[in-house]
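So you can see what is in the structure, the chains are spelled out below.
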Amino acid sequence: MSYSIERANRFVAESKHLLVDQYRLHYHFMGEFGWINDPNGFVQYKGEYHLFYQYHPYQPVWGPMHWGHAVSKDLIEWRHLPVALAPDQEYDRDGCFSGSAIEHKDSLYLLYTGHIMTGPDITKDYYQVQNLAISQDGILFTKDAHNPVINTDQIPAHTSQKDFRDPKVFERNGQFYMVLGSNDDQGKGLILLYRSVDLHTWEYMNVMAQSDGTLGDNWECPDVFDLDGIDVLMMSPQRMSPQGNNYHNLHSTVYMLGKLDTDTGIFDYKQYIPIDYGFDFYACQTTLDQQGRRIMIGWMDSWEALMPTQNGHHWAGAMTLPREVIRDGERLLFCPVAELEQSRLEGLHAESFEVQGQQVLDYRGESYEIELNIDVSKSEEFAIHLRTGEAETTVLSYSPLEQLFRFNRDQSGIGPGGERIASLTTPEGQLHLRIFVDLSSVEVFLQDGEKVMTGRIYPQPESQGIALYSNGITQVQSLHIWNLVQPEQI
Ligand code: FRU
């Protein structure tokens, strides 16, 4: 049977009751049913935030991609809308892949990749084109009669003729620009830049940036924006090799600060930096909101990772918390959006105490925020154990001597294990942590967003304990735990 928006909506409405909510998150975005991956078309339009996403509603595994759609007034509570795009045309027949949204002449324009298979091998037999769909009400989208708006004949020579995807569109000086992820067919990822005056007709400009050989063999989901006078390029390099403690996931995400020359179409950058230091973070996308904030959302999972909800739970995939991107000189900070503070309910609050050995906290939960200000100058190691139960624990720890922060999920439950490590300095022994736990996720914001570590965990529902641990003396200046979920939401 062929795919259509109506069929997808009907299927979701009829199947939703089958969902198993054991690991469903309480204050993070998820699809209603089936599989989701990348955030797409993240934009504020007529006052509301719109989030689209890669969606395969029929099964909790990746499949022919649709665009799911939701709206929010505050970035926290999302309302599901009908599916926005289904793979129902020749030029997107095997998937409406990732892309972006932009407001133009009061309408909402979606630019997305059409994926077309040419043979049985899903890793080789395909090509990709760029398409446009337009909506006046932000809900119903009409695919453009002239799609594809960028066909394969506009791919430059010496560039992959098949990996050509994930258009992110932005406006600069009255012109539209589109970045696309690709590679040089010789094992190096790159970004292509196109230009348009009307979003319909596109002209190829240049290879905007490319890998120096250390940045993976293909680049996906590029994003370019100006932040306080500097240009930022973000993207998701595939199969990047580890460098020290960094880039240990199969696929990574990085940002670069530099300058985009819109005459030559070249982005000049000096270094690249990981966006997230945890396990599960990919294909992030940003938008500029009406308050002037640059807000980023990522897919809080990883390709080819074991996702326990795929077996019998009828869903897979979630988004990270929306994070504000802030420029701090030559680096970026990533902070949970301020709206989250309005979700804080009762909890546990304590000030000025010492930890030596283990201290079990008088608080249990599955969906909460912890904020900690501590002085580690007299400790050899400080740790916080989360979601602890008889045989389970998730360990976040800091070693002042090594200046390393660790997220260990070897005993977190039924999901994948492993450890990720981020180097972190603590000037004058001061460490500030904000930790968000939500059923099957952990996000740790270190030193006011200097580094972030994100990971999925799948503990038993009973594993709800929290304990602090210190080897040597750790001085806790303040500890706050806020429950983040209204009891009636559970
Ligand atoms: C990134 C990605 C994109 C592609 C989409 C397909 O996770 O591989 O490059 O458009 O997912 O679902």
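Here the structure is a predicted model, which is why all the values come from computation and not from measurement. Going along each chain's sequence as written, the residues are numbered from 1 onward. With pLDDT at 70 or above as the cut-off, local features in this predicted model cover only qualifying residues; side-chain atom pairs require 80 or more to be listed or tallied, and sums for whole chains, interfaces and linings still use all residues. As a rule here, side-chain values come from all non-hydrogen atoms in the structure, and water together with hydrogens is ignored.

Undergrad: Quick one: what's the story with the state of the cysteines, residue by residue and with numbers?
TA: Put plainly, two cysteines are in a disulfide when a covalent bond ties their sulfur atoms together. Two cysteine sulfur atoms make up a disulfide if the distance between them is within 2.5 Å. Using the criterion set out here, one finds 0 disulfides in the structure. Counting only cysteine sulfurs, cysteine 221 is the nearest neighbor of cysteine 96, a cysteine outside any disulfide, at a range of 15 Å. Only protein chains enter the accessibility calculation, which uses a 1.4 Å probe. A residue is then buried if its area is under 20% of the maximum for its type, exposed if over 50%, and partly exposed in between. Owing to a relative accessible area of 0%, cysteine 96 belongs among the buried residues under this scheme. Cysteine 284 takes part in no disulfide bond, and the closest cysteine sulfur to it belongs to cysteine 221, at a distance of 8.1 Å. A relative accessible area of 2% means that cysteine 284 is categorised as buried.

Undergrad: Explain the packing of aromatic side chains to me, using residue names and the numbers behind them.
TA: Ring pairs shown here join Phe, Tyr and Trp side chains whose ring centres sit within 6.5 Å, with only the six-membered ring taken for Trp; geometry is labelled stacked below 30 degrees between planes, edge-to-face above 60, and tilted in between. On inspection of all chains with the given rule, the structure shows 25 aromatic pairs. Plain terms: the ring middles of tyrosine 3 and tyrosine 58 are 5.8 Å apart, the flat faces sit at 45° to each other, and that makes the pair tilted. Here tyrosine 58 lies in the loop between strand S2 (48–56) and strand S3 (66–72) and tyrosine 3 lies in the segment before helix H1 (5–15), a separation of 55 residues in the sequence. Judged by centre distance (5.9 Å) and plane angle (65°), the rings of tyrosine 255 and phenylalanine 334 are edge-to-face. Separated by 79 residues along the polypeptide, tyrosine 255 in strand S15 (residues 254–261) and phenylalanine 334 in strand S21 (residues 331–336) bring together distant segments of the chain. Elements are defined by DSSP. Helices are runs of H or I of four residues or more, strands are runs of E of two residues or more, and each kind is numbered from the N terminus.

Undergrad: So what about the sheet that holds strand S14 (residues 230–238)? Which residues, and what values?
TA: Strands belonging to one sheet form pairs held by backbone hydrogen bonds; the direction of such a pair is parallel or antiparallel. One open sheet accounts for 4 strands, arranged S13-S14-S15-S16; its pairing is antiparallel. Two strands close off the open sheet at either side, each with one partner strand: strand S13 (218–227) and strand S16 (266–274). Adjacent strand axes in the sheet meet at a mean angle of 25° when their direction is disregarded. As judged from the 7 bridges shared by S15 and S16, these two strands associate in the antiparallel manner. Within S16, the residue paired with tyrosine 255 across the bridge is isoleucine 273. Only when DSSP finds a minimum of two bridges between them are two strands counted as paired. Axis lines are fitted through C-alpha atoms, for helices just across the contact stretch, and the angle between N-to-C directions can take any value from 0 to 180 degrees.

Undergrad: So, the side chain of threonine 309: which residues are in play, and what are the values?
TA: Its location among the elements puts threonine 309 in the loop between strand S18 (294–299) and strand S19 (315–316). You can call threonine 309 buried: its relative accessible area is 2%.

Undergrad: Provide a residue-level description of the environment of proline 39, including the pertinent values.
TA: You can see proline 39 is positioned in strand S1 (residues 34–45). Sequence separation of proline 39 and aspartate 163 is 124 residues, and the distance between their C-alpha atoms is 19 Å. In what follows, residue pairs with any heavy atoms lying within 4.5 Å of each other are defined as contacts. Excluding anything up to four places from it in sequence, proline 39 contacts Leu51, Phe52, Tyr53, Ala283, Gln285, Ile297, Gly298, Trp299 and Met319.

Undergrad: How would you explain the site of the ligand if you had to name every residue and give the values?
TA: As a structural note, the neighbourhood of the ligand is formed by 13 residues, with Asp38, Gln54, Arg165, Asp166 and Glu220 the closest of them. For this analysis, a polar contact is any N or O atom pair within 3.5 Å, provided that within protein one partner can donate a hydrogen and the other can accept it, and provided that sequence-adjacent residues contribute only side-chain to side-chain pairs. The side chain of asparagine 37 places a nitrogen or oxygen atom 3.1 Å from an oxygen atom of the ligand. A distance of 2.8 Å separates an oxygen atom of the ligand from a polar atom in the side chain of arginine 165. Using a 1.4 Å probe, the Shrake-Rupley method yields the accessible areas, and only the shown protein chains count as cover for residues. Here the ligand loses 95% of its free accessible area of 320 Å² to cover by the protein chains. Of all elements in the fold, only S1, strand S5 (96–104), strand S9 (165–172) and S13 reach the threshold of two or more residues within the shell around the ligand. By the convention adopted, Pro, Cys, Tyr, Trp, Phe, Met, Ile, Leu, Val and Ala count as nonpolar, Lys, Arg, Asp and Glu as charged, and the other residues, Gly among them, as polar. In terms of residue class, the shell around the ligand is built from 6 nonpolar, 3 polar and 4 charged. In these notes, residues near a molecule or strand are those with any non-hydrogen atom within 4 Å of it.

Undergrad: Pulling in residues and values, what's your account of the sheet that holds S5?
TA: An order of S5-S6-S7-S8 is seen for the 4 strands of this open sheet, with the pairing classed as antiparallel. In the strand order of this sheet, the two ends are held by S5 and strand S8 (142–143), each with one partner. With 8 bridges connecting them, S5 and strand S6 (residues 107–117) associate as antiparallel partners. Across the sheet, the residue bridging to histidine 104 is serine 107, located in S6.

Undergrad: So, the pairing of strand S17 (residues 282–288): which residues are in play, and what are the values?
TA: Within S17, 6 of the 7 residues are buried, which leaves it mostly tucked inside the rest of the structure. Note that S17 and S18 share 5 bridges and pair antiparallel. What sits directly across from threonine 286, in S18, is methionine 296. Between S17 and S18, which pair antiparallel in sequence order, lie 5 residues; one of them, glycine 292, sits at a positive phi of approximately 85°.

Undergrad: Pulling in residues and values, what's your account of the domain arrangement of the chain?
TA: Each domain's limits were defined by an automated method or a database of domain assignments. By the assigned domains, the chain splits into domain 1 (5–339) and domain 2 (344–483). Here domain 1 and domain 2 have C-alpha centroids that lie 31 Å from each other. Values labelled buried area give the accessible surface lost by two parts on being combined, using a 1.4 Å probe and summing over both. Roughly 3,000 Å² is buried in total at the junction of domain 1 and domain 2, and carbon and sulfur atoms are behind 57% of that figure. Its largest share of buried area at the contact with domain 2, domain 1 owes to Tyr23, Tyr277 and Phe279, together 27% of the area lost on that side. The term salt bridge refers to a side-chain nitrogen of Lys or Arg lying within 4 Å of a carboxyl oxygen of Asp or Glu. There are 4 salt bridges connecting domain 1 and domain 2. Where arginine 409 meets aspartate 280, a salt bridge forms, and the shortest distance between an N and an O atom there is 3.0 Å. Between domain 1 and domain 2 we count 23 residue pairs in polar contact (both at pLDDT 80 or more) in total. When residues in the side of domain 1 that touches domain 2 are grouped by element, the largest group, 6 residues, is from S21. Grouping the amino acids of the side of domain 1 that touches domain 2 by side-chain chemistry returns 17 nonpolar, 11 polar and 6 charged.

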